[in-house]
Amino acid sequence: MRILLCAILSLGATTCGNHLPAARASQSAAVAKPCSAWTAPRAPEHPADSIRAVFMALDDRLDTSISQQRAFFDTFRMNAVVVHSIVGYRSLHSSRTANRVRQAAYLLHNRPPGTAVYIGLAYAEKFNSDELSPADVQLAIDQDLAAAAELRRVAGTDTSRIAGWYLSREIHNFNLVPPARQTEQVKRIRAYLEGVAGALHPRGKVLISPYFVPKVRPRESELLGPAATGALFAQLVRRTGVTDVLLQDGVGVRNSPDHQLECRWPDAADYIPIAARYAEAVSRSLPDSVTFWSNLEGFVQDSDRPVDVQRRFAQQLSVVPAGRPLVMYDAAQCKAVGVCATRPRP
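All of the points below concern the structure found in this document.

How each quantity is defined
- Residues numbered from 1 in each chain as written.
- Predicted model: local features only at pLDDT ≥ 70, side-chain atom pairs only at ≥ 80, totals over all residues.
- Heavy atoms only, no water.
- Helix = DSSP H or I, 4+ residues; strand = E, 2+ residues; numbered from the N terminus.
- Buried < 20%, exposed > 50% of the residue type's maximum accessible area, 1.4 Å probe, protein only.
- Contact = heavy atoms within 4.5 Å.
- Areas by Shrake-Rupley, 256 points an atom, 1.4 Å probe, with all protein chains shown as cover.
- Axes fitted to C-alpha atoms, helices over the stretch in contact; angles between N-to-C directions.
- Parallel < 35°, antiparallel > 145°, perpendicular 65-115°, else oblique.
- Left-handed = near helix turned anticlockwise from the far one by under 90°.
- Nonpolar A, V, L, I, M, F, W, Y, C, P; charged D, E, K, R; others polar.
- Salt bridge = Lys/Arg side-chain N within 4 Å of Asp/Glu carboxyl O.
- Phe/Tyr/Trp six-rings, centres within 6.5 Å; stacked < 30°, edge-to-face > 60°.
- Expected span 1.5 Å × (residues − 1).
- Arc of directions from axis to C-beta.
- Polar contact = N/O pair within 3.5 Å; in protein donor to acceptor, adjacent residues only side chain to side chain.

### Describing the overall build of the chain
Thought 1: Per the secondary structure count, the chain includes eight helices and eight strands.
Thought 2: In the chain, which comprises 346 residues, the proportion classed as buried is 56%.
Thought 3: The long-range share in the chain, meaning contacts at least 24 apart out of those at least 6 apart in sequence, stands at 83%.
Thought 4: As displayed, the chain has an accessible area near 14800 Å², and 51% of this comes from carbon and sulfur atoms.

This is how it looks when you write it as structure tokens:
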């Protein structure tokens, strides 16, 4: 998954690896640039040790995953947990899927009081690519509903503990030319969302977590700006049964291996304010019936290392529209950087 979560610490002046771009590169340049000092645009609004919603990726090994769940919930107090996916490698009929379904059932049965559990169905990257066909849409609907039915079968009476469902297939702010192709893809994505969310709602909330490819320069006509992205996502979810949109902030994906915020990306200094504009636009554009979440990326792309919280959290907070809930990808990263809300010690 490209995404996500948040890290919260008491911060003073914060730097991007002590650096951010000092000078603008030319429009055509795409080379590494030196970085200069960067300070947080505003102070953190949340105290340390207060992340209360996380994504949780299930391990393919049943015993390992259950022991990890126990250890996590023995230490941390969560208001919400979003299971990334209960389907292993897109196959409903595999030992990986069987193990994940059993883990999810265990989580439902043993969830701590006050913790809402959302179950992720089948995962797929770039689900709304221009190769998406009507047959692909129907297959996706069938897979997701079959996965939900299998979990209900295994969980039995604990099915009532499901707070909602997470549609793991990733949607982004596509812009297809000619416009007729764009219109057709919107119809197909809506058909998928209606087909799955319509069957699962109102028995629980239905979550999606889209991402955006930012438009940095006016000449990038193939990309959508903040307002157009907000309008697209609103059009996709309106009257489909989707109840919550968890927008990925993109910071983890745009983070270089040395924890600098895309200092090697042209105009990297602009990414944080650009991301903030996208988040605000999407938040404002969604129907009143749909809840907006900020999904802050707590990872470094192509790395197992957690984020350097002191260098990045203030940046990420500047992307979060005021008063909106936060979620972090994922539980392991939240634990590693020490920002999950802990249980009171006896």
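Next comes the rest of the account.
### Digging into unusual backbone geometry
Thought 1: Cis geometry marks the peptide bond from His201 to Pro202; its omega dihedral reads 15°.
Thought 2: With respect to the helices and strands, Pro202 occurs in the loop between α4 (179-200) and β5 (205-208).
Thought 3: The peptide bond linking Tyr329 to Asp330 adopts the cis configuration, its omega dihedral lying at -5°.
Thought 4: Inspection of the secondary structure puts Asp330 in the loop between β8 (326-329) and α8 (331-336).
Thought 5: In this model, Arg239 sits at a positive phi of 55°, which is unusual for a non-glycine residue.
Thought 6: Tracing the backbone shows Arg239 in the loop between α5 (226-237) and β6 (244-248).
Thought 7: Judged by its relative accessible area of 71%, Arg239 is exposed.

### Overview of the packing of helix α2 (residues 95-110) against helix α3 (residues 134-155)
Relative orientation and spacing of two packed helices are given, respectively, by the angle between their axes and the distance between those axes.
Thought 1: Where α2 contacts α3, the axes come no closer than 9 Å and their chain directions differ by 55°. When the axes of α2 and α3 are compared, the pair comes out oblique. Taken as a pair, α2 and α3 cross one another with a handedness that is right-handed. Contact residues: α2 offers Val101, Ala104, Ala105 and Leu108, while α3 offers Glu150, Leu151, Val154 and Ala155.
Thought 2: Among the residues forming the contact of α2 with α3, the class breakdown is seven nonpolar, no polar and one charged.

### Remarks on the pattern of salt bridges
Between side chains of opposite charge, pairing is possible as soon as their charged atoms come close.
Thought 1: Tallying each qualifying case throughout the model produces six salt bridges.
Thought 2: Measuring nitrogen to oxygen at the nearest pair gives 3.5 Å for the salt bridge that ties Asp158 to Arg161.
Thought 3: According to the relative accessible area criterion, Asp158 is buried, its value standing at 13%.
Thought 4: The residue Glu184 makes a salt bridge to Arg188 at a minimum N-O spacing of 3.3 Å. Of this pair, Glu184 and Arg188 both sit in helix α4, four residues apart, roughly one helical turn.

### Digging into the packing of aromatic side chains
Thought 1: Scanning all chains against the criterion turns up six aromatic pairs.
Thought 2: Residues Phe55 and Tyr329 carry aromatic rings whose centres are separated by 5.5 Å and whose planes lie at 55° to one another, so their mutual orientation is tilted. Taken together, the residues span a long stretch of sequence, with Phe55 in strand β1 (residues 53-56) and Tyr329 in strand β8 at a distance of 274 residues.
Thought 3: Since its relative accessible area comes to 0%, Phe55 is described here as buried.
Thought 4: On the basis of an interplanar angle of 85° and a centroid distance of 5.3 Å, the ring pair of Phe72 and Phe73 is categorised as edge-to-face.
Thought 5: Relative accessible area serves as the criterion here: at 4%, Phe72 is assigned to the buried category.
Thought 6: Judged by its relative accessible area of 9%, Phe73 is buried.

### Things to note about α3
Thought 1: With 22 residues, α3 should reach 32 Å at 1.5 Å per residue; the first-to-last C-alpha distance of 32 Å fits that figure.
Thought 2: Those residues of α3 not exposed but buried are Val137, Ala140, Ile141, Gln143, Asp144, Ala147, Ala148, Leu151 and Ala155. On an axial view of α3, the arc spanned by its buried residues comes to 165°, and they lie on one face. What points out from α3, more than 90 degrees from its buried face, is the exposed set Pro134, Ala135 and Arg153.

### Considering the side chain of Thr97
Thought 1: Here Thr97 is to be found in helix α2.
Thought 2: Looking at Thr97, the relative accessible area reads 4%, which means it is buried.
Thought 3: Reaching out from Thr97, the side chain makes a polar contact with the backbone nitrogen of Gly88 at a distance of 2.8 Å.
Thought 4: When near neighbours in sequence (up to four residues on either side) are disregarded, Thr97 contacts Ile86, Val87, Gly88, Ser91 and Leu92.

### Here's the deal with the environment of Glu194
Thought 1: Mapping Glu194 onto the fold places it in helix α4.
Thought 2: Separated by 44 residues in the primary sequence, Glu194 and Arg238 have C-alpha atoms spaced 9.7 Å apart.
Thought 3: When neighbours within four sequence positions are excluded, Glu194 is seen to be in contact with Ala199, Arg239 and Thr240.

### Some points on helix α6 (residues 271-285)
Thought 1: The first and last C-alpha atoms of α6 sit 21 Å apart over 15 residues, in line with the 21 Å expected at 1.5 Å per residue.
Thought 2: Along α6, the residues that are buried comprise Tyr271, Ile272, Ile274, Ala275, Ala276, Tyr278, Ala279, Ala281, Val282 and Ser283.

Keep in mind these values describe shape, not function.
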